[in-house]
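Each chain, letter by letter, is given below.
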Amino acid sequence: MKSKLAIVLLSFTTLAALAAFALSSGIAKRVAQRALAHWNYKKRLATKVVEPPFAYLAASQVGYAPSMRKEFSSPRSFTSFQVTRVPDGAVVFAGKEAVRTAKSDVIGPMDTVWIGDFSAVRAPGRYRIVADNGYSSFPFDIGPRVFEQPVRAVQRWFYYQRAFTAIDAAHAEGPWVHPTDADKAPAGVRMGWHDAGDLSVYSTSLNTALFWLLEAFNDFKPTGDDTNIPESGNGVPDILDEARWALEWLLSVQDAGGGFRNSTCQQQYGRYGTNTPNSVPPYKEGEVGTFATARAVGNLAYASTLYRSYDQPFADRCLQAASKGYRYLKDHWGENTAGATCAAAGAEGNVEFGRHARMFAAAGMLLATGERRFGDDFEDSYVELQYDPSYHHMNGFAAQLYLRAPAGVATRKEHLRKQLRALAAWARDDGGKHPFGWATRYHWGSIGAAFTRSGSYNAKACLADPVANAGDCDQALANVHYPFGRNFLQFCYVSGMPGVTRGRSWAFHEWLAALRATPHDFPGMVAGGPYVSPEGNDVSKPFGWPVPFWGYWGDPAFPRAWSTPLDGRYTDNDSWSTNEVAVDWQGAALYSMYFAQWAASHL
């Protein structure tokens, strides 16, 4: 017994000596990190779902309105399929072989899908598809109100992202709350939306999202005043109440000379999992620049035309601020300034982007005032429509405002319509070739890119003439069905959707990582989506503390390699290059949700 005790005491003495040596040499930290990483990795590996790629028939998990075209994609050929009712299994439709195939390398070596059509199923209910090749789909709904919850959730996302205010339990509808962070804002700055998983407020992305909210209101005239945001019940549609959060931020960052600042910037973050809106250091003001000013002018002028029937004094404030900002632009017409603070996507000195931005400002002022000089400035800055709009390429947004302006020149409008029709045709062609009918760009934020593309072209064509442009109606809806489940992963890229079997449950998000709530994500969060080139430093850190960080690369639950098919290059974890949220693509998504809701009752 004494010898055993002596050995134990010697062991403890030895360990203590080793620990002291390790602490003095930094070894302890590395050993602890390795132990923590091993533990977290092993725990994470146990959550991996083992199944072959493309294991189910790909169809929307949210569902379809009765009159919509309804298609699914199969990884294998089939000669027949059935649509069965859930849960009793009754067969409601018997289909035959594929109506067509699509061949593409975005799904890897299998490269071909077989597409079935079940548009004949119109009766409201819950269903699944079962093919004779052994594959079946996840359940989905058919009904006239199937898009009501997606619209509500995607719109309420903006409430959770509000800056410089509390997110309270009465309106959060879940555990996603935090105290006010108003004391972190620079003097006089108020409202706005946190950009993404980070906390800064950017002119670039905020103005893009704001444009889409204003477009959604103008095109679909939603009157809902009951989405449980603090302003609900005030007699103003909630979408306009939410858009006002962006407009008020713009008004608060206009300086005495008329120019607008580019950001309200958070530059200091602690370890991932420790940053909440109310715990970070104070924010820093951005600089005044012509890019930020032009974006603000266009949107404030546009907003003045929409708020006038609800709040004329506010509409007047918007137009007055836009007019003052435009005078600043004219005084700096040859400049292209973005500002250095929080200069993500700043593009300082880019002449082409400056023309785009001034084109947008001129179109907004032409719409709001009807003054010919703004039409002349639009022509002076004109850039041909050749690609999808964004916060740099604003000519597409400018075109939409110009088309709304009664004072716009008829020949210019016809030219713009011709260009937009050509871009709509390009999107239809791309969608027709895609295995899942998706017309996108596989860059960062591909889900939002698809919504931007079809929202700018196909949805507009459908609204103009649903009969003549039926193909555009179908394409705009195909870009909705894809993120709801008709994709290579059979995955819903929007969090919290009711009835979804496999959907988004995580995100790169500073506040949510610190909150560690269950569920992790609040509803309505639209993911970035598959990315042609996931960033090399988007890597897992299983040794992370207080929470491990699971990035695109190195997550045992979602193993990925460069050989992963393009449409599968996404991970439902902390990946910031495939699974972050962003205010600009959330706005484009909301527009498309409203379009789908409109289509459910008009097509």
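Residues numbered from 1 in each chain as written. Predicted model: local features only at pLDDT ≥ 70, side-chain atom pairs only at ≥ 80, totals over all residues. Heavy atoms only, no water.

Peer 1: Describe the overall build of the protein chain, naming the residues involved and giving the relevant values.
Peer 2: Along the backbone of the protein chain there are 17 helices and 13 strands. Scaling as 2.2 N^0.38, a compact globule of 603 residues should have a C-alpha radius of gyration of about 25 Å, and the protein chain matches this with 26 Å. Here the C-alpha coordinates of the protein chain stretch approximately 100 × 65 × 45 Å along the principal axes. Put simply, the protein chain has 603 residues, and 58% of those count as buried. (Helix = DSSP H or I, 4+ residues; strand = E, 2+ residues; numbered from the N terminus. Rg over C-alpha atoms; globule rule 2.2 N^0.38 Å. Buried < 20%, exposed > 50% of the residue type's maximum accessible area, 1.4 Å probe, protein only.)

Peer 1: Residue-level account of unusual backbone geometry, with values.
Peer 2: Of note, the bond from Thr 518 into Pro 519 is cis; its omega dihedral lies within 30 degrees of zero at -5 degrees. Position of Pro 519 relative to the elements: it lies in the loop between α16 (510-515) and α17 (583-602). Look at Glu 173: it is not a glycine, yet its phi comes out positive at around 55 degrees.

Peer 1: With reference to specific residues and values, describe the sheet that holds strand β6 (residues 112-117).
Peer 2: If you trace the three strands from one edge of the open sheet to the other, you get β2-β6-β5, paired in antiparallel fashion. Looking at which strands have only one partner, the edges of the open sheet turn out to be β2 (71-74) and β5 (100-103). Neighbour to neighbour, the strand axes of the sheet diverge by 30 degrees on average, direction disregarded. (Pairing = 2+ DSSP bridges. Axes fitted to C-alpha atoms, helices over the stretch in contact; angles between N-to-C directions.)

Peer 1: Run through helix α15 (residues 470-481), naming residues and quoting values.
Peer 2: Look at α15: 16 Å from first C-alpha to last across 12 residues, which is about the 16 Å you get at 1.5 Å a residue. Restricting attention to buried positions, one finds in α15 the residues Asp 472, Cys 473, Gln 475, Ala 476, Leu 477, Ala 478, Asn 479, Val 480 and His 481. (Expected span 1.5 Å × (residues − 1).)

Peer 1: Quick rundown of the packing of helix α7 (residues 290-307) against helix α8 (residues 312-331)? Include the residues and the values.
Peer 2: Look at α7 against α8: their axes get within 8 Å of each other, and the N-to-C directions meet at 150 degrees. One element, α7, and the other, α8, form an angle in the roughly antiparallel class. Note on packing geometry: the crossing formed by α7 with α8 is left-handed. Residue-level inspection shows Thr 290, Thr 293, Ala 294, Val 297, Leu 300, Ala 301, Ser 304 and Tyr 307 of α7 in contact with α8, the latter providing Gln 312, Phe 314, Ala 315, Cys 318, Leu 319, Ala 321, Ala 322, Gly 325, Tyr 326, Tyr 328 and Leu 329. For the contact of α7 with α8, the residue count by class is 14 nonpolar, five polar and no charged. (Parallel < 35°, antiparallel > 145°, perpendicular 65-115°, else oblique. Left-handed = near helix turned anticlockwise from the far one by under 90°. Contact = heavy atoms within 4.5 Å. Nonpolar A, V, L, I, M, F, W, Y, C, P; charged D, E, K, R; others polar.)

Peer 1: Just give me the short version of the nonpolar core, but keep the residues and values in it.
Peer 2: The biggest cluster of nonpolar side chains holds 146 residues, and the ones touching the most others in it are Leu 300 and Tyr 307. Core analysis: the second largest hydrophobic core is formed by 16 residues, Leu 57, Ala 98, Phe 118 and Ala 131 among them. (Core = buried A, V, L, I, M, F, W, Y, C linked by side-chain atoms within 4.5 Å.)

Peer 1: Could you give an account of the sheet that holds strand β12 (residues 284-285), naming the residues involved and the relevant values?
Peer 2: The three strands lie next to each other as β9-β11-β12, forming an open sheet whose pairing is antiparallel. For this open sheet the edge positions go to β9 (201-202) and β12, each flanked by a neighbour on one side alone. Sheet topology note: the β9/strand β11 (residues 263-265) ladder contains two bridges and is antiparallel. In the strand pairing of β11, Val 201 is matched with Thr 264.

Peer 1: Describe the pattern of salt bridges, with residues and values.
Peer 2: Throughout the structure, instances matching the rule amount to 31 salt bridges. Measuring nitrogen to oxygen at the nearest pair gives 2.7 Å for the salt bridge that ties Arg 44 to Asp 555. In this pair, Arg 44 sits in helix α2 (residues 27-45) while Asp 555 sits in the loop between α16 and α17, placing the two residues 511 residues apart along the sequence. Across the pair, Asp 555 and Arg 44 agree in class, each one buried. The salt bridge involving Asp 388 is made with Arg 441; its shortest N-O contact spans 2.8 Å. One end of the pair, Asp 388, is in the loop between α10 (372-380) and α11 (395-404); the other, Arg 441, is in the loop between α12 (410-433) and α13 (446-456), with 53 residues separating them in the sequence. Both residues of the pair, Asp 388 and Arg 441, belong to the buried class. (Salt bridge = Lys/Arg side-chain N within 4 Å of Asp/Glu carboxyl O.)

Peer 1: Residue-level account of the packing of aromatic side chains, with values.
Peer 2: Scanning the model with the defined rule gives 48 aromatic pairs in all. When the centroid spacing of 5.6 Å and the interplanar angle of 90 degrees are considered together, the rings of Tyr 64 and Phe 118 count as edge-to-face. Here the residue Tyr 64 occupies a position in strand β1 (residues 63-64), and Phe 118 occupies one in the loop between β6 and β7 (125-131), the gap between them amounting to 54 residues. By the burial criterion, Tyr 64 is buried, and Phe 118 matches it. Chaining the aromatic ring pairs together yields one cluster made of Phe 54, Phe 436, Trp 438, Tyr 442, Tyr 482, Phe 488, Phe 491, Tyr 493 and Tyr 570. Over the aromatic face of Trp 333 sits the side chain of Lys 330, whose NZ or CZ is 4.3 Å from the ring centroid. One cation-aromatic arrangement involves Arg 358 over Trp 333; the distance from NZ or CZ to the ring centre is 5.4 Å. (Phe/Tyr/Trp six-rings, centres within 6.5 Å; stacked < 30°, edge-to-face > 60°. Lys NZ or Arg CZ within 6 Å of the ring centre and 35° of its normal.)

Peer 1: Could you give me a rundown of the confidence of the model for the protein chain, with the residues and numbers involved?
Peer 2: Mean pLDDT over the protein chain: 94, with 95% of residues reaching 70 or higher. Note on residues 1-12: pLDDT under 50 across the span, and zero contacts to partners over four residues away in sequence or across chains. Between residues 14-23, whose pLDDT stays under 50, and residues either more than four places distant or in other chains, the model counts four contacts. (pLDDT = per-residue confidence, 0-100.)

Peer 1: A description of the pairing of β2 should follow, citing residues and the corresponding values.
Peer 2: With burial as the criterion, each face of β2 is covered, one bearing Glu 71 and Ser 73 and the other bearing Phe 72 and Ser 74. When β2 meets β6, the two strands line up antiparallel, connected through four bridges. Counterpart to Ser 74 in the pairing with β6 is Trp 114.

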